[in-house]
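# Architecture and fold: a report
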Amino acid sequence: MNRTRFALFLAASLLCPPAWPQAAAAPERSSLPQRGLPPAELLAELRKGGYILYFRHAATDFSQNDERMKNYEDCGSQRNLIDKGRADARAAGAAIRQLGIPVERVLASPFCRTVETAQLLFGRAEKMQEVRGGPAAPAASERYAALRKILATPARAGANVAVVSHGNPFYSVAGPPYLAEGEAAVIRPLGADFQVVARIRVDRWDALGNASRN
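Residues numbered from 1 in each chain as written. Predicted model: local features only at pLDDT ≥ 70, side-chain atom pairs only at ≥ 80, totals over all residues. Heavy atoms only, no water.

Quick look at the packing of aromatic side chains now. Under the criterion given, the structure shown has five aromatic pairs. Pairing Phe 55 with Trp 205 gives two aromatic rings, centres 6.2 Å apart and planes at 25°, and the pair type is stacked. Here Trp 205 lies in helix H7 (residues 205-213) and Phe 55 lies in strand E1 (residues 52-56), a separation of 150 residues in the sequence. A relative accessible area of 1% means that Phe 55 is categorised as buried. Consider the rings of Tyr 171 and Tyr 178, whose centres lie 4.3 Å apart with planes at 20°: the pair is stacked. (Phe/Tyr/Trp six-rings, centres within 6.5 Å; stacked < 30°, edge-to-face > 60°. Helix = DSSP H or I, 4+ residues; strand = E, 2+ residues; numbered from the N terminus. Buried < 20%, exposed > 50% of the residue type's maximum accessible area, 1.4 Å probe, protein only.)

If you want it as structure tokens, here you go:
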């Protein structure tokens, strides 16, 4: 190769560097179960305990919002449950008791709609800032660190822990799609992380029992 050709080759190499393989982007996390448990197996696991049941609050009035609320007790200035949401939560709570699923602690975001959902489901609510609502994509990367820790911490054998919160926090830590109002995610805590093993719509708890008997 003469000097002229070499100079042209060098210039082309600098302007068009070789294409190196790009690292694959990390896959987006999904809150859909990777492997659905058969109903009988799922019910047996829930009866044994050790799981987290994450509920989004029941159906609400979307013509309302929380913009004018002064504090968490100011229910009149928040988005609240509608009658259907209250009826759904009562029915789901009755079905969970009928199925013999033990629930020890009930942690609730301090908003009125989440506390009321928890009380209708389980008759009690432990208000906790760590599971409160917030944006789906928070500016602070550690906004939901406490929630992640709760979801990753196993409940004791023979009992489950219920978390009654909102759609955005769960979307942020577990990925899409959103939970519907009243829907629950059954979470297996793994210590450093967690796994979604099932999602149960608010009107499907009875069906879980029926399917497990067939």
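After that view, the rundown keeps rolling.
Another aspect to go through is unusual backbone geometry. Look at the link from Pro 176 to Pro 177: it is a cis peptide, with omega at 0°. Tracing the sequence through the fold places Pro 177 in the loop between helix H6 (167-174) and strand E5 (184-189).

A word on the packing of helix H3 (residues 83-98) against helix H4 (residues 112-122). Running from N to C, H3 and H4 point in directions that differ by 40°, and their axes come no closer than 7 Å. When the interaxial angle is binned, H3 and H4 end up oblique. Viewed along their axes, H3 and H4 form a crossing whose handedness is right-handed. Between H3 and H4, the contacting residues are Arg 86, Ala 89, Arg 90, Ala 92, Gly 93, Ile 96 and Arg 97 on the first element and Glu 116, Thr 117, Leu 120, Leu 121 and Phe 122 on the second. (Axes fitted to C-alpha atoms, helices over the stretch in contact; angles between N-to-C directions. Parallel < 35°, antiparallel > 145°, perpendicular 65-115°, else oblique. Left-handed = near helix turned anticlockwise from the far one by under 90°. Contact = heavy atoms within 4.5 Å.)

Before going further, it helps to examine the nonpolar core. In this structure, Leu 42, Leu 46, Phe 55, Phe 122, Val 186, Trp 205 and Leu 208 are the most contacted members of the largest nonpolar core, which totals 33 residues. Take this core: its biggest share by element is five residues, from H4. (Core = buried A, V, L, I, M, F, W, Y, C linked by side-chain atoms within 4.5 Å.)

Sheet strands associate in pairs through backbone hydrogen bonding, adopting either a parallel or an antiparallel arrangement. Ordered in space as E3-E2-E4-E1-E5-E6, the six strands form an open sheet in which the pairing is mixed. Sheet topology places strand E3 (126-127) and strand E6 (194-200) at the edges, where each strand pairs with a single neighbour. Relative to E5, E1 runs antiparallel, the two sharing four bridges. When the bridges of E5 are listed, Tyr 54 appears paired with Ala 185. (Pairing = 2+ DSSP bridges.)

Moving on, we get to helix H2 (residues 39-48). Those residues of H2 lying buried are Leu 42, Leu 43, Glu 45 and Leu 46. Buried residues of H2 fall within an arc of 160° about the axis and therefore sit on the same side. Following H2 by one or two positions, Gly 49 has its phi on the positive side, about 90°. (Arc of directions from axis to C-beta.)

Nothing here speaks to function; it is all geometry.
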